[in-house]
Amino acid sequence: MMESAPISVLDFVRSGRFSNTHLLLQHEGNISATQADALTIDDVQKQQHGQIMENAARVALCLTRSFVDFCSQLSKVVTRSQDDVNEAILPLSMMELGDFFIGLKKQDIFIASNNNGHDEDNNINFSPPLEEQGSCNVLAEPVHSKKDDDQLHIESADIFPAQLRKMGSSPVEKPISSDNYYGSNRSSSSSSDGTYSQQQQSTILGIWTLGGEAEMMVTLSSRMNVTQPHPSLQHLHNLTPMQVLGKLLYSVFSQGQQPPPSLYFSQSNKKIIDLCSQVKVCIDLDDDDDDDDDYDDNDNIIHRRSPKSHRASETTVFSSLIESKLFPVSVCRFLSDMMMDRDASTDDDDSLHPFLSFEDVIQDLEQMIVEPAVFLHADSHPHGNANGETSLPIFGERYFGRKEEVTKLIEISTKMESLQHNHDECCTDKKASEAVFVSGVAGSGKSQLVQTVGTFLSEGLGWIVIKSKFERGMEHASRGIVSSMFDDVIAYLVKMKESGRASDVVFAQRASKSISDALGGLDGLSSLLDFLPSLPLLFGGIFNNQTTGENTTIQAAENMADWQLINSLTKILDAVLELDRFIMITTDDLQWADKTSISLIGELLINGATSRHMSRRCLFVGLYREDEVRDEHPLSIQLSYLQMSSDVNTTEIKLGSLSRKDVLDMTMTQLRLPRRLVVELADVVHKKTSGHALFVVQLFNSLLRDSIIAYSTQKLRYVWDQDRINIIETSKGVAGLILSSFSSLSLASQHALQVLSTFGTQTDTHLLQILEKNYQQGIISSLDSLIEKGILDQAGPIVIFAHDLIQQEILESMPLAKRQQLHLDIGKLLGKVYQCAQLNGHAFFAGNSMISSIISLACDQINSAGPECISDNREKRTFAKWNLTAGEENSCQSNFRAALYYFSKGVAFLGEEDCWSTNEKLYLELIEGATLSSYALGEAENAIQYAEKVIENVSLEDTLVVWTVILRSLTVLSKHEECMAKGIGILSRLGFYLPLSPTIETIMNAMADTDSVVSQYSVDQIASLGKMADDDSAHSIVKIMDAFYSSCFTVASPFLPLAACFIVKYTLEKGVCQESTTAFATFGQFKIFLQGDYSGGKKCADIVKMITEKHKLKMIAHMLVYISIDPWFDSPRELSKKFLNYSQNMMAVGEAHHAMIALGNSWRCLIYGGENLSLINQSMPDRTKMIAKHSKYAANFAALDNILMEELIGVPSSSRSHFNMNDMQAEAESVKDARLLFRIQFFNVMISYWRGDLAAAEESSTIASMMYPVSKFPSIHLIYFTFFHGLVLFQCYSEDGGDKRLQDGKEIMNQMGTWAKNSMAVFGNKWLLLKAEYTALVDDKRDDAEELYKKSIKAAQDHGLIHELGLAYELLGGYYTTHGHEPESLHCIKKAYKCYTQWGATSVAKKILHDHDLNIESISDTESQLENSKHPREWQ
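Residues numbered from 1 in each chain as written. Predicted model: local features only at pLDDT ≥ 70, side-chain atom pairs only at ≥ 80, totals over all residues. Heavy atoms only, no water.

### Describing the nonpolar core
Side chains that are nonpolar tend, in soluble globular proteins, to be buried together.
Next up, step 1: Counting 205 residues, the largest nonpolar core has F1044, F1080, L1173, Y1249, W1250, L1367 and Y1396 as the members making the most contacts within it.
Next up, step 2: With residues up to four places along the chain from it excluded, the contact list for L1173 reads I1167, M1205, L1208, I1209, W1399, G1400 and A1401.
Next up, step 3: Core analysis: the second largest hydrophobic core is formed by 110 residues, F327, L745, I791 and L792 among them. (Core = buried A, V, L, I, M, F, W, Y, C linked by side-chain atoms within 4.5 Å. Buried < 20%, exposed > 50% of the residue type's maximum accessible area, 1.4 Å probe, protein only. Contact = heavy atoms within 4.5 Å.)

What follows is the structure, given as structure tokens:
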């Protein structure tokens, strides 16, 4: 990986000198291998000369500032007032010139500023970005060329040998670091050791470029006389300060070379080798014409000449400078405009542009330094080619303005790199994904902003940049666009693998291995093949094992759930990023993405925070049009969610209009003219466009296209009629400009653009070749000219519109009928190509980097035309078939949004009338496809609407799949009663009868009948049964029963055991399937619940595990085993581990809903098992948020856990979570969720009990007990509800009596004793504690009850149940108090307090202190012992 950008890059951007990527690269001194290969000797010489011009410009700027300061002291500064009229251009006397050079001689060093690199106006000094280097000529940087070792060092020319020899030895050179460049704190202009910095040396050498001329001027100054000047210096009396400065700067830029003859005053003066002779402007000194007549010795009189002579003079000076070939055109213009007399300019000749102020001079020099590639490295023709031919500049190719926005993006990338370096040493900070969202109106420059920074990061710093763009009206293609975005990562590795470069090949191999390991080998890779089609190019041996048949869509939905995809993509990115790479992912036009894709991107960002590297090395940048995203838009909702998430650092960048300065910079750079010449033009354009970026670009391009701005070969610059531009009408906005540009093209180009616009903003050239061959010639041949005009761009095989507004305007400018016909013609052609199997299986890029098959592209075109354009019913049927094919293709790829689009469009082509009689099979297939796709997308109501069209017109046997979707959709909508009613009806029609009102006798008979069948098989025999085919009708029936089962389970319906019995028996007859495991788990649950057959229940659990393992099925049913069967054998801590492992496995395969239910149960078991509550509570908020994100069902139960935890810990009411048990109860009642209602009452029992409110606890336990049968369903919750219910009954009896309480409590005690036979570790201490409570109430013998309490304490100690240990001590203490044994009671209460404290139940511990009037000091005698205990077993 390339080294990360030094901080100087960020400082450089902040300084305002950042204009585009190339300048950043130039600043860092980077030159690519390709560029080096292309360098010729002529190129090297040009670059060397350009570098000389750059450094000369810096010296000139320093000299100019010093000269201006000098003239300011004499009150002879060229100034410009507000009315641009009152100006002073006063000549300098010989004595004043001498004083200036004496001042230079006396200065130890001359620099522009001593205030840390800034002048008084806080303008940045333009000094060269020097790296540390050895001794070299500071005005000529070395240039590298490709040769053998890839770096041919071109020695710098000795620019000033004569001058340096004349002045003596050159100053001692001292290397300079970047600190010198960006400013230091030194107060003097020289270094502490007396040597000069390289910046200082550059300035010194520039001044000494004047060589002996400066020395001569100093020598002559003592003999100068204003009234009788030295003959050789006489003409300096006639020069203004601007002209004198121009002559000085000529010497700087010419590097001491002899000026051309036309710049001399006369041949006689040619012998004088001094400052005057080197920098004189050609002034007509005809011996017959005495110039002294125009001269006045008074310094206050302005020197004037005739306009005619000066026009000739200016032309001669400029042309002479051009002919000398010493300078770029911009420098020639700069020098000639300085050395001319400003009064020479007239209204009838706009070729003269004298400087009006020194401010303009400084601005010109600064502009040269900021844009050296434009002004100092350019050829004579600003937009010429190798043949000397010129072309128009294209506005919009470079990015201007947005310094703050660019800085912000660079800051984020720099921060990520620095965080990664710090992470290598320390990993204590919380990880979070980085996301930037750039908004603005259409055409504001969002895409170009991100592209500019992305290009810099990729080319300059080695980042991998992935791009994608959504399309207007193509929401159905959103998933394909997201797919292509991540497939680009794989394609990037493929490119490296095939590059042949050893380092790239090694990196690709390492990345491939990391990806394969992360996804579990070829099987894991194969599951992503449809989403990432480039995988076979990187990995051999991958094939698509996608199931085919009627149930393809449901199977695809089950095989590739969103969370599985998110998890897999995260692993891929993490595998690439761990190899020291950074990735920037950009998605443009998010406002056109569908809800599913937006959610997918959001979930990927959140999940990235949990990865090892993605949070620190992956930068996501999303772009959208803010005026198209309202509050209810899915993107707006997702943004709000991400902003509130602690897992994502979100940054918002809003782009407004370009500033006046931005437009001015654009105008100067593109036209390669100084600010003073274009400021009026730029101001007018800015006003007419209001700074809208695309509008500015289009207006400039239209002015160039219409030759309103045109290149003058005589003046070697662009010229324009300002008055004409002032009156141009722009009321139609940017759309009008686009259309006017379009209308000026040739007919062939116009048609090519119209064809391209039908595919969206991007089109594959391979696709265009098909159209060229079969539809319309001239498309391919028009591309080059359209790209040259800036209408199109090309990236590899992809042709792209320069902006989507251009594509939109071209498409919408066509009359509707013509547009529809064009879509139809292209669609028919592509469909015929598909039918001829010319491109079977070939994928194209079209629309927006989305991978599409030829049939999908054909359908997109046909569907854009619409059914109303087609009158032929045969054609409509054909197009419906094409849509069916495209829908099935996308279904197999789990792209259900696109599948639903094509299925629904196919339905539209067939119409509603007589469709069943004329096109029954085709219509059925389309409706079924739409039904299944809607269900897979979670659109349950839409799925039911489509399904109802089928069941009303098709036989039952042909609608089994649809019926499955209907029942599942009703369950999703919480319409459980309707689901069960429809389920009973459809099963009866299939010959499977269920009683309408099942009784306990009916259920017990069904259980006994099923048990007799199951008992005939061993576990291995059942697991070895054949597997049902996915498209088998028997499997369809099982799926219907399973869908019916889901609602029964939710509402704890008596139909649930009947459904389980049916599937179990059907499995033994037809073979096993995924649904079989759920049925066996439920059957085992009811064997425990109804028959008390715990060993039979365990056998069913073993069957579930064996079937899953042998047939490689999903582990979904395992959770039922953990919930309903294993609690009778395993401790809560053991169950917690099982649930946690299950949750992780389910997340890996995309079953987020089941994973979250298991995760909630895992933590709930820790609470039941006596884990430290403080530790559990630390992760409670994040865990609850995660559960809520993936499963609303599981979120309700997690909320109850929060409420219980806050109660036990004692969180103040003001700081508690927003969960409200009453609201949850109302919601549960509205959807008849019996399990949630039971759980609410059970938690009320525990909360009331720990508060000491026995009346409330008894009331809630009574309500919960009446919720039959859910109150009797075997689960860990039943165990703890039973335990607390028994405690409440006994303690209420102790206070208020009541034989029923005692009797019910005794029954509970006996039930707990029965359960204890399965596991004393789980139930022993609970049973003993209930028995102690019962004995204390009915037996006066103290020893019996006391012994039972102590046995319970011992059992709790042995199994680490600290919370129940505390409870046993508390109840034993109460028993001692009742019998008047206060010392023993106090001892037990202290023990209980310590146990509750150790558990983390602060609120319960405080209640102990309050109830027994104790304080903390009173129990300090046992504190040390308990705190140092490693395990509750040590407590005595």
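### Considering the sheet that holds strand β4 (residues 464–469)
Next up, step 1: Taken together, the 5 strands give an open sheet; going across it, the order is β4-β5-β6-β3-β7, and neighbouring strands pair in parallel fashion. A strand with exactly one partner marks an edge of an open sheet, and here the two such strands are β4 and β7 (648–654). Going across the sheet, the axis of each strand differs from the next one's by a mean of 15 degrees, ignoring polarity.
Next up, step 2: Bridge analysis of strand β5 (residues 583–588) against strand β6 (residues 618–625) gives 5 bridges, and the strand direction is parallel. Looking at the pairing, T587 lines up with G622 of β6.
Next up, step 3: Sitting on the sheet, helix α24 (residues 595–608) is in contact with β3 (433–440), β5, β6 and β7, with an inclination near 145 degrees to β3. (Pairing = 2+ DSSP bridges. Helix = DSSP H or I, 4+ residues; strand = E, 2+ residues; numbered from the N terminus. Axes fitted to C-alpha atoms, helices over the stretch in contact; angles between N-to-C directions.)

### Some remarks on the packing of aromatic side chains
Next up, step 1: The tally for this structure, following the rule as stated, stands at 42 aromatic pairs.
Next up, step 2: Seen from their ring centres, F334 and F355 are 5.5 Å apart, and the 80 degrees between their planes marks the pair as edge-to-face. Taken together, the residues F334 in helix α13 (residues 329–338) and F355 in the loop between α13 and α14 (358–370) connect sequence positions 21 residues apart. Comparing F334 with F355 shows no difference in burial state: the two are buried.
Next up, step 3: When the centroid spacing of 6.5 Å and the interplanar angle of 20 degrees are considered together, the rings of F1238 and F1242 count as stacked. With F1238 and F1242 both in helix α58 (residues 1234–1251), this residue pair falls 4 residues apart, about one helical turn. Across this residue pair, the class does not change: F1238 and F1242 are buried.
Next up, step 4: An aromatic cluster is defined as three or more aromatic residues linked by ring pairs; in this entry it consists of Y1168, F1238, F1242, F1243, Y1280 and F1281. (Phe/Tyr/Trp six-rings, centres within 6.5 Å; stacked < 30°, edge-to-face > 60°.)

### Description of the pattern of salt bridges
Next up, step 1: In total, this model carries 40 salt bridges according to the counting rule given.
Next up, step 2: With its nearest N and O atoms 3.7 Å apart, the salt bridge here joins D588 to K469. Here D588, found in strand β5, pairs with K469, found in strand β4; they are 119 residues apart in sequence, far enough to count as distant. Pair check on accessibility: D588 and K469 agree, each one buried.
Next up, step 3: Among the salt bridges present, the one from R1251 reaches E1207, with a minimum N-O distance of 2.8 Å. Here E1207 lies in helix α56 (residues 1192–1209) and R1251 lies in helix α58, a separation of 44 residues in the sequence. (Salt bridge = Lys/Arg side-chain N within 4 Å of Asp/Glu carboxyl O.)

### A look at unusual backbone geometry
Next up, step 1: Residues Y1268 and P1269 are joined by a peptide bond in cis, for which omega reads 10 degrees.
Next up, step 2: Phi at R402 is positive, roughly 60 degrees, even though this residue is not glycine.
Next up, step 3: Structurally, the position occupied by R402 is in the loop between α15 (372–375) and α16 (403–423).
Next up, step 4: Under the relative-accessibility criterion, R402 is labelled buried at 5%.
Next up, step 5: One non-glycine residue, S690, lies in positive phi territory at about 55 degrees.
Next up, step 6: Inspection of the secondary structure puts S690 in the loop between α28 (675–689) and α29 (693–705).
Next up, step 7: For S690, a relative accessible area of 53% puts it in the exposed group.

### Re α13
Next up, step 1: With 10 of its 10 residues buried, α13 lies for the most part within the structure.
Next up, step 2: Along α13, the residues that are buried comprise V329, S330, V331, C332, R333, F334, L335, S336, D337 and M338.

### Examining α58
Next up, step 1: Spanning 18 residues, α58 covers 26 Å between terminal C-alpha atoms, matching the ideal 26 Å at 1.5 Å per step.
Next up, step 2: For α58, the tally of buried residues reaches 16 of 18 residues, placing the bulk of the element in the interior.
Next up, step 3: G1252 sits one or two residues past α58 and shows a positive phi near 90 degrees. (Expected span 1.5 Å × (residues − 1).)

### Focus on the packing of helix α41 (residues 920–936) against helix α43 (residues 960–972)
Next up, step 1: Orientation of α41 relative to α43, taken along the N-to-C sense of each, is 30 degrees, at an axis distance of 10 Å. Between α41 and α43, the angle falls in the class roughly parallel. Our pair here, α41 against α43, has a crossing hand that is left-handed. Of the residues in α43, those in contact with E928, T931, L932 and Y935 of α41 are V961, V962, V965, R968 and S969.
Next up, step 2: Its residues assigned to classes, the contact of α41 with α43 shows 5 nonpolar, 2 polar and 2 charged. (Parallel < 35°, antiparallel > 145°, perpendicular 65-115°, else oblique. Left-handed = near helix turned anticlockwise from the far one by under 90°. Nonpolar A, V, L, I, M, F, W, Y, C, P; charged D, E, K, R; others polar.)

### Overview of the pairing of strand β8 (residues 709–712)
Next up, step 1: Pairing of β8 with strand β9 (residues 717–720) involves 4 bridges; the strand directions are antiparallel. Of the residues in β9, the one forming a bridge with I709 is W720.
Next up, step 2: The loop that links β8 with its antiparallel partner β9 comprises 4 residues; one of these, L716, has a positive phi angle of about 55 degrees.

### Notes on the environment of L1328
Next up, step 1: Relative to the assigned elements, L1328 resides in helix α62 (residues 1320–1338).
Next up, step 2: Sequence separation of L1328 and A1316 is 12 residues, and the distance between their C-alpha atoms is 9.7 Å.
Next up, step 3: For L1328, the residues in contact, after removing those within four places along its chain, are L1348, K1351, S1352 and A1355.

### Some points on the packing of helix α36 (residues 816–835) against helix α37 (residues 854–865)
Next up, step 1: Direction vectors running N to C along α36 and α37 enclose 155 degrees, while the axes themselves pass 7 Å from each other. Taken together, α36 and α37 sit at an angle that is classed as roughly antiparallel. As α36 packs across α37, the resulting crossing turns out to be left-handed. Contacts between α36 and α37 involve Q820, H823, L824, I826, G827, K828, L830, G831, V833 and Y834 from the former and I854, I855, L857, A858, Q861, I862, S864 and A865 from the latter.
Next up, step 2: By residue class, the composition of the contact of α36 with α37 is 11 nonpolar, 6 polar and 1 charged.

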